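# What the coordinates show
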Amino acid sequence: MEIRSFGVVGAGQMGSGIAQVAAASGLDVVMSDINDDCTARGVQSIEKNLQRSVDKGKLDQETCRAIRGRISTTTRLTDLAGVDFVVEAAVEMEELKFGLFRELDTVCPDHVILATNTSSIPIGRIGAQTKRPEKVIGMHFMNPVPVMKLVEVIRGLRTSEETFALTWSLSERFGKTPAEAGDYPGFLANRILMPMINEAIFCLYQGVGKPEDIDTVMKLGMNHPMGPLALADLIGLDTCLAIMETLYDGFKDSKYRPCPLLRKYVEAGWFGRKSGRGFYQY
């Protein structure tokens with residue numbers, strides 16, 4: 001099946017980035033969210049990213065305008081009825097994603113693949129909300145999407161080989177390097193990354209080090225481009241907590257228990273960069 005049009009559910013940091021790379025690959029993109037303010041912020045983020053590429057000499061203005069011109073927005077999921085492939089990039093809340101997939105299953109024609117950008121929720125569980133589990137797959141992009149090369153491709157127990165092959169090919173069309181991960185909580189990336197971030201938070205919680213020292217050790221000692229606490233702020237502490245809870249609920253192993261300090265920050269509304277305060281102030 002040839003993919004000509006592409007739908008994105010969610011116009012936040014991840015959704016807008018996915019929309020941008022899809023449009024840059026030549027696809028017509030429909031990006032949806034719950035209201036016009038959300039879609040406007042998504043478009044603003046895309047335009048900012050594109051202009052930055054122009055300023056760096058990576059794109060010319062004509063190409064930039066062409067990419068932007070392939071992206072339309074909507075606040076109605078029914079407007080995704082005409083696309084060939086959908087990626088859901090809503091917040092990491094299981095019931096919200098379940099509801100979206102039940103609705104997309106009704107709205108989209110039977111041939112349409114429904115992918116999810118979930119960072120931790122098992123694909124089989126999401127696919128079970130639909131009448132097309134063979135066409136449900138995980139397509140987990142990394143943040144920031146236009147820059148990061150990796151896409152985790154995760155097939156559920158009932159995902160077809162055709163769906164997997166098409167999603168893999170589409171990832172490559174987007175200029176990404178796909179990697180296959182098994183359908184377990186957290187997949188590969190976050191099953192490895194999030195416990196490391198959680199342990200860094202425990203080091204802060206227990207007074208082992210200050211945020212700057214913890215991040216410096218990991219940057220200079222382990223050659224990480226960004227320290228774990230700064231990275232948590234970039235990802236969003238609410239998202240980190242949601243992933244840790246998914247890991248803990250899925251494996252029932254105490255090594256995945258979220259640090260109490262992480263929960264405390266989230267409950268206080270300190271989500272990281274997007275709220276202006278996390279382990280650092282912005």
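Refer to the structure above for everything that follows.
My aim in this report is to walk through the structure given alongside it, one point at a time. All figures in this text were calculated on a predicted structure; none of them were measured in a lab.

The next subject is a nonpolar patch on the surface. Together, Val91, Met93 and Leu96 make up an exposed nonpolar region whose accessible area comes to about 270 Å². Classification of Val91 by relative accessible area gives partly exposed; the value is 49%.

The strand order across the open sheet built from 8 strands is E3-E2-E1-E4-E5-E6-E7-E8, with neighbouring strands paired in mixed fashion. Only two strands of the sheet have a single neighbouring strand rather than two, namely strand E3 (71-74) and strand E8 (177-181). This sheet shows a mean twist of 25° between the axes of neighbouring strands, independent of strand direction. Running over the sheet, helix H1 (residues 13-24) touches strand E1 (5-9), strand E2 (28-32), E3, strand E4 (85-88) and strand E6 (136-141) and is turned about 170° from E2. The strands that helix H6 (residues 161-173) touches are E1, E4, strand E5 (113-116), E6, strand E7 (150-155) and E8; relative to E7, the one it contacts most, it runs at about 175°.

What follows concerns the side chain of Glu88. Looking at where Glu88 falls in the secondary structure, it is placed in strand E4. Glu88 sits in the buried class, given a relative accessible area of 0%. Of note is the side chain of Glu88, whose polar atom sits 2.8 Å from the backbone nitrogen of Ala90. At 2.4 Å, the side chain of Glu88 forms a polar contact with the side chain of Lys97. Setting aside its immediate chain neighbours within four residues, Glu88 contacts Val9, Lys97, Leu100, Phe101, Ala115, Thr116 and Asn117.

For Ala19, the position within the fold is in helix H1. It is 9.5 Å that separates the C-alpha atoms of Ala19 and Arg70, two residues lying 51 residues apart in sequence. With residues near it in sequence (within four places) discarded, Ala19 still touches Val8, Val29, Met31, Ile46 and Ile71.

A few words on the environment of Asn143. Relative to the helices and strands, Asn143 resides in the loop between E6 and E7. For Asn143 and Gly127, which are 16 residues apart along the polypeptide, the C-alpha to C-alpha distance reads 24 Å. Discounting residues that sit within four places of it in the chain, Asn143 has contacts with Gln13, Met14, Met148 and Leu234. Of note is the side chain of Asn143, whose polar atom sits 3.3 Å from the side chain of Gln13.

So, how was this worked out
- Residues numbered from 1 in each chain as written.
- Predicted model: local features only at pLDDT ≥ 70, side-chain atom pairs only at ≥ 80, totals over all residues.
- Heavy atoms only, no water.
- Patch = residues over 30% accessible without salt bridge, like charges linked within 9 Å, V, L, I, M, F, W, Y side chains within 5 Å.
- Areas by Shrake-Rupley, 256 points an atom, 1.4 Å probe, with all protein chains shown as cover.
- Salt bridge = Lys/Arg side-chain N within 4 Å of Asp/Glu carboxyl O.
- Buried < 20%, exposed > 50% of the residue type's maximum accessible area, 1.4 Å probe, protein only.
- Pairing = 2+ DSSP bridges.
- Helix = DSSP H or I, 4+ residues; strand = E, 2+ residues; numbered from the N terminus.
- Axes fitted to C-alpha atoms, helices over the stretch in contact; angles between N-to-C directions.
- Contact = heavy atoms within 4.5 Å.
- Polar contact = N/O pair within 3.5 Å; in protein donor to acceptor, adjacent residues only side chain to side chain.

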